[in-house]
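Architecture at a glance
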Amino acid sequence: MRPKEVDTELAFHIEMRARELIARGLPEDEAWREARARLGDPSSLRARLVAIGRSTHRRETLSELWHDVRFALRQLATAPTFAAIAIGTLAIGIGGTTAIFSAVRAVVLAPFPWAHPDRTMIVAERWHDLDGSVSVGNYVDWRTMSSSFAELAAEKFVGVTLDAAPAPERVSGGRVTQTFFSVFGQHPLLGRTFRGDEDTPGNDHVVVLSERLWRSRFGADSAILGRTITVNVAPYVVIGVMPAAFDPTLSEEQLWIPAAFTPAERAEHDEHSYTVVGLLAPTVTVDAAARDMRRVAEALAARYPRQDAERSASVYPLDRFLIGNARDQLWFVLGAVSLVFLIACVNVANLLLARSSVRAREIAIRAAIGAGRGRLIRQLLTEGAVMSLLASALGVALAAALIRVMVAAAPAGVIPRLEQTHINLSVLGFALVVAAIATITSGLVPALRLARQDPHETLRGEGRGIGAGRKRERLRGALVTIEVTLALMLLVGSGLLVKSAIMQQRTPEGFDMVGLSAAGVSLPPTTYRDPAVVRHAFEQIAQQVTLVSARPLTGPGSDNGLIPEGRPLRIESAIQSSLRIISPDYFSTMRIPIRRGRAFTAQDVRGANRVAIVSQRFADVAWPGVDPVGRRFVCCEGKGTDAMWKTVVGVAGDVRSRGPSGQIDPEFYLPIDQAPDDAWRWLGQSMTMIVRSPSPSTAAGAMRAVVRDLDPTLPVSDIQTADQAFRTALAPARFNALLLGALAGIGLLLSAAGIFGVIAYFVALRTHEIGVRRALGATANDVMWLMTRQGLEPVALGLSLGTAASLLSARLLSSALYGVTPWDPLTFGAVGLVLGAVALAAILVPARRAMRIQPTRALQFGG
Amino acid sequence: MPLLRQDRLYGTLDALILKALKLAPRHGYAIARWLEQAADGALVIEDGSLYPALYRLERRAWIEADWGLSELGRRARFYRLTRQGRQQLAIETREWSVFAAFVTRVLEMA
């Protein structure tokens, strides 16, 4: 109770008492004096009442709030359809935004569990704008010459054979320097990590296990420490187990063994196979470290001109490097879901606006019986808040379900850390606030206007204030424009990305996938030491099945610089291309066409003329416009006097080796028997077997049998059909398309409902006007045309604004598009057509209904 | 628990106000008039003590008030009984009859 209200109440009492006394015959001035006197001393009474009232106020506010909440719930219950649509729409917006932003947080924004995520870097060798792996020699020199890092470490990913019951198993592992674990600062779950001298030859037979391997292979045995296990046929002592969360490069290594560099390795600057990570010194910035590393690389280039002349070094934060593409993808999805959310808000604003005209009468009555403006406003605010709260509760449930579906549907390993997504409270809070602002303002603005109006006029006019109606129409026109703009942006963006995914799926791969199965086989260097022995073993396997050194669809072959004859034998002349070592039947098994010349034959053996087959892309780069058959090039082996020239005997069709969305690399092929001796080391003495058979199990059985016949201790790894590989390669794009497609669908549905609702209501409001026009002699066609023109005006404006905004933001999308330009006319046209059709239907349906009404009836209705 | 609370007499006005509001919501002046008419001149309630009583009852949530329009079209605060007020009225009524019976018995003692 405010003092002013106390005064009003007492004044009312005095007036009533005075009237009574006058009626009893007292003179007017005496009556007033008596009425006042009966209340006693006015100032002390007033002070007493104000004091009591103030203490009441607090509790009363709470009880009024509760009253308002109950009232709001009753209001919603009286219009269940309205409530369901409004709350459901908001919940979709809130739930979607919350789910996607939570994913963005888990994948992109959440720090990695390292001791210093902001100081953890990846350091790469840079060769002609390409970042790549690092040679041992360069790593060793970087460590001594650079001054920016508190710690540097190197890791080489290796496949190792774990010889334990029941059968030997191939697992992925890391050969790491002793410093590796201290870069990340994560402590082992059990035992310890490598000590100072354990990465030197002779002391290196110790192994650290991943939690996963410890669990799956050793039954989480807590007595594992000190046990000796067989890795690559050699005994290793288990010294530690890393926790499940330790996967710093997201490569899922199962164990780590020390990288004990021999003096020869430490001097090797030309073989680039290590990934280098580092912990920046506390005060050094990324830029400063990058400058420092470029300086070091320049010094090394001067010292080792043959190996390092063209090599620089680059430094990136490791977290950004790991997240890579997933970042862009998720931001696009977040953009789409935000548009859906905005559309939902606009829809609810529309609904509330429509409802405010229905409620004008109710509000006017309440104003007329004395409800203050503040009270009415508070009531409307409460209604908005109650609606947003209900929508948020529903939204949370929706978000939880969406996250579960998303994590389940996402292809494994494509979006790092997605499985760590959980509903994020700050995001939910944000969505809630935006939804509340949307509901409250859109409910409040018309209510305020109504409250300002003279209630009597509103009541007389049956809730149709003429001025307010006109303003409301303008507001609704603006809402239609906004909605069309948002919907167009959403649909165009998603349309482009979905179309990209479809284009990828249709891209020819360059070979026939039907019935192809593949499996890996590796020869452990401990038993297969000599290149000749390795070659001989693979030749034997190749008698039965097709062999290739790198599986198609999962990436290019080994990287090699190759110099065509006629160019100077210098590194600048090299064409970077990808080598596959194959058995002679590779092209026929894969059904890769030979465009010129011939395929390899059994006569292409060691000692015979050295031959090679190049891909069409390679031929186009190396010998443009010339028949490459018979040309020679240098590659991969040979030095100085004996350059070991290889002669091109054939040109093979291009293959999209990196998978459907990848570029086409220049490639070349060498027969197994003529493979450079060093190649076996690059390849880790591993090859892939390929069999074409209608039955994948027959194919797998055949490949297993071939290996068993050769050596029963050899494991066969990664048995997979080409279809599976293809699906895996396509999975990211498909997942993205699915997510965006679903969002676009929801967005279209919401915006169509919104546009339809607004325009239909707008036309229905004008039934009266239509009647007048008809009565004055306008034909049905005249009126239809008028309605269509006026109704389409805000739609057309929205379409042009949306197109402009989409064209302006097209640049953002272009990196994610494949086979589609960001201004693809087909997508823009189709989206415009769909939205235009929705708008037209929204105008014509109610307009026709209005037209059927007799003019006289329309006039009677009064609108 | 003692049969009678200390403020029995003091609370009489409260009980009467609750009774006045049990029949219909009223503004302060209407309550005063109803009490005057019901007492038929036997009881004079000071206007000055009516309002503090009303505010106290409101604070105890036995009655609640809302602005409305009086019969003459003026803004006035209308009081009405809450559920708690209704219960309180029942208690007051019961206690009063016990109290009255007690006083009667004492006074009529020989």
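Only a predicted model underlies this, so the values are computations on that prediction, with no experimental measurement involved. (Residues numbered from 1 in each chain as written. Chains lettered and ligands numbered in written order. Predicted model: local features only at pLDDT ≥ 70, side-chain atom pairs only at ≥ 80, totals over all residues.)

The next thing to look at is the overall build of chain B. The helix and strand inventory of chain B stands at four helices and three strands. Start at the N end of chain B and walk to the C end: the helices and strands fall as α-β-α-α-β-β-α. A buried classification covers 29% of the 110 residues belonging to chain B. Summarising the internal contacts of chain B: among those between residues at least 6 apart in sequence, 52% fall at separations of at least 24. (Helix = DSSP H or I, 4+ residues; strand = E, 2+ residues; numbered from the N terminus. Buried ≥ 20, exposed ≤ 12 C-beta atoms within 10 Å, placed from the backbone. Contact = placed C-beta atoms within 7 Å.)

Counting secondary structure elements, chain A contains 26 helices and 23 strands. Looking at chain A residue by residue over its 863 residues, the buried ones come to 42%. Residue pairs at least 24 apart in sequence account for 82% of intrachain contacts in chain A once pairs closer than 6 positions are excluded.

The residue A:Ala220 is not glycine, and still its phi comes out positive at about 50°. Classification of A:Ala220 by C-beta neighbours within 10 Å gives exposed; the count is 12. The phi torsion at B:Ala61 lies on the positive side, around 65°, for a residue other than glycine. By secondary structure assignment, the location of B:Ala61 is in the loop between α3 (47-59) and β2 (63-69).

A few words now on the packing of helix α5 (residues 136-145) of chain A against helix α9 (residues 286-303) of chain A. Residue and element names in this part refer to chain A. Between α5 and α9, the least distance of the axes is 10 Å, while the angle of their chain directions is 125°. Classified by the interaxial angle, the pair formed by α5 and α9 is oblique. The two elements α5 and α9 cross, and the hand of that crossing is right-handed. Along its contact with α5, which presents Asn138, Asp141, Trp142 and Met145, the element α9 presents Val296, Ala299 and Leu300. (Axes fitted to C-alpha atoms, helices over the stretch in contact; angles between N-to-C directions. Parallel < 35°, antiparallel > 145°, perpendicular 65-115°, else oblique. Left-handed = near helix turned anticlockwise from the far one by under 90°.)

Here the focus is the confidence of the model for chain B. Residue and element names in this part refer to chain B. Residues of chain B with pLDDT of at least 70 account for 90%, and the chain-wide mean is 84. When pLDDT is averaged over each element of chain B, strand β1 (residues 26-27) comes out on top at 92 and β2 at the bottom at 87. Here the prediction assigns the complex a pTM of 0.63, and the interface score ipTM is 0.90. (pLDDT = per-residue confidence, 0-100.)

Now for the sheet that holds strand β3 (residues 75-81) of chain B. Residues and elements named next belong to chain B. Here we have three strands laid out as an open sheet, ordered β1-β3-β2, and antiparallel in their pairing. Since the sheet does not close on itself, it has two edges, and those belong to β1 and β2, each with one partner. Inspection of the sheet shows β1 paired to β3 by two bridges, in the antiparallel sense. Residue pairing in the sheet places arginine 26 in a bridge with tyrosine 79 of β3. Sitting on the sheet, helix α1 (residues 12-23) is in contact with β1, β2 and β3, with an inclination near 100° to β3. (Pairing = 2+ DSSP bridges.)

Positionally, A:Arg217 belongs in helix α7 (residues 211-218). Sequence separation between A:Arg217 and A:Leu162 is 55 residues; the distance between their C-alpha atoms is 9.7 Å.

All names here are of chain A. Its 21 residues place the ends of helix α1 (residues 3-23) 30 Å apart at the C-alpha level, agreeing with the 30 Å of an ideal helix rising 1.5 Å per residue. Every buried residue of α1 is accounted for by Val6, Glu9, His13, Ile14, Met16, Arg17 and Ala18. Phi for glycine 25, located one or two positions after α1, is positive at around 110°. (Expected span 1.5 Å × (residues − 1).)

Where interface size is quoted, it is often the accessible area lost as the parts come together. Contacts between the two partners involve 18 residues from chain B and, on the opposite side, 19 residues from chain A. At the level of elements, α2 (28-39), α3, β2 and β3 of chain B are the ones that each hand at least two residues to the side of chain B that touches chain A. Considering every element that reaches the side of chain B that touches chain A, the biggest residue donor is α3(B), with eight residues. Residue composition of the side of chain B that touches chain A, by class: seven nonpolar, three polar and eight charged. (Nonpolar A, V, L, I, M, F, W, Y, C, P; charged D, E, K, R; others polar.)

Residues and elements named next belong to chain A. Of all five residues in strand β18 (residues 611-615), five are buried; the element is thus mostly enclosed. Residues Val611, Ile613 and Ser615 of β18 are buried on one face, and the alternating residues Ala612 and Val614, pointing to the opposite face, are buried as well. Sheet analysis places β18 next to strand β20 (residues 646-652), joined by five bridges and oriented parallel. Among the inter-strand pairings, serine 615 is bridged to a residue of β20, identified as alanine 652.

Another point: α3(B). Residues and elements named next belong to chain B. Over its 13 residues, α3 extends 19 Å from the first C-alpha to the last, a length consistent with the 18 Å expected when each residue adds 1.5 Å. Listed as buried for α3 are Asp47, Leu50, Tyr51, Leu54, Tyr55, Leu57 and Glu58. Each buried residue of α3 sits inside an arc of 160° when the element is viewed along its axis, so together they form one side. Just downstream of α3 lies alanine 61, where phi reads positive at about 65°. (Arc of directions from axis to C-beta.)

Here the focus is the confidence of the model for chain A. Residue and element names in this part refer to chain A. Averaged over every residue, the pLDDT of chain A is 82; residues scoring 70 or more account for 89%. Within chain A, no element has a lower average pLDDT than helix α15 (residues 455-460), which sits at 58, and none a higher one than strand β7 (residues 206-210), at 93. Within the model, the stretch residues 462-468 combines pLDDT values under 50 with ten contacts to residues more than four positions away or in other chains.

Here we take up the nonpolar core. All names here are of chain A. Judged by nonpolar contacts, the single largest core of 92 residues is most densely connected at Val107 and Val340. Elements with a minimum of two residues in this core: α4 (80-109), α12 (325-368), α13 (373-409), α14 (425-452), α16 (466-506), α22 (722-764), α24 (780-814) and α25 (825-852). Take this core: its biggest share by element is 18 residues, from α12. Residues contacting valine 107, with those up to four places away along its chain left out, are Ile323, Ala326, Leu330, Ile415, Pro416, Arg417 and Leu418. (Core = buried A, V, L, I, M, F, W, Y, C linked by C-beta atoms within 7 Å.)

Residues and elements named next belong to chain A. Residue position: phenylalanine 149 is located in strand β4 (residues 149-163). Assessed through the 25 C-beta atoms surrounding it within 10 Å, phenylalanine 149 is described here as buried. Separated by 143 residues in sequence, phenylalanine 149 and aspartate 292 place their C-alpha atoms 9.9 Å apart. Excluding anything up to four places from it in sequence, phenylalanine 149 contacts Gly278, Leu279, Leu280 and Ala281.

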